[in-house]
Amino acid sequence: GARRGVPLHPAFNFAAGSTAGAASVLCTYPLDLVRARLGVQERGAEVYRGVAHAVRHIVRVEGAAALFHGLGATMYGIVPYAGTNLM
């Protein structure tokens, strides 16, 4: 382990930040996708009645993988950002 007052190697900090950023995006992405879909609904033509209904509808109609559509592009952005943010 690292001793107090001794800085860690920048590559370690980059890896730690990137891993933390990727983990947080992986956990929050489905809810962010649902939030975005709820936000773009037109009044009077609502497909989803709320968050739980949206999740159930997406999984039933599009499959569970649909909750992660677009995740790759988000990861391409967050991994270097989070990694360099911790350096």
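To be clear, the structure that these remarks concern was listed above.
Residues numbered from 1 in each chain as written. Predicted model: local features only at pLDDT ≥ 70, side-chain atom pairs only at ≥ 80, totals over all residues. Heavy atoms only, no water.

Asker: Before we move on, can you summarise the environment of leucine 33 with the specific residues and values?
Answerer: Along the chain, leucine 33 turns up in helix α1 (residues 10-39). For leucine 33, a relative accessible area of 11% puts it in the buried group. Once you skip the residues sitting within four places of it in the chain, leucine 33 turns out to touch Ile58, Ala66, Leu67 and His69. (Helix = DSSP H or I, 4+ residues; strand = E, 2+ residues; numbered from the N terminus. Buried < 20%, exposed > 50% of the residue type's maximum accessible area, 1.4 Å probe, protein only. Contact = heavy atoms within 4.5 Å.)

Asker: So what's going on with the pattern of salt bridges? Which residues, and what values?
Answerer: Scanning the model with the defined rule gives two salt bridges in all. The residue arginine 35 makes a salt bridge to aspartate 32 at a minimum N-O spacing of 2.6 Å. Of this pair, arginine 35 and aspartate 32 both sit in helix α1, three residues apart, which is roughly one turn of the helix. Taking the relative accessible area as the measure of exposure, arginine 35 reaches 52% and is therefore exposed. What makes aspartate 32 partly exposed here is its relative accessible area of 35%. (Salt bridge = Lys/Arg side-chain N within 4 Å of Asp/Glu carboxyl O.)

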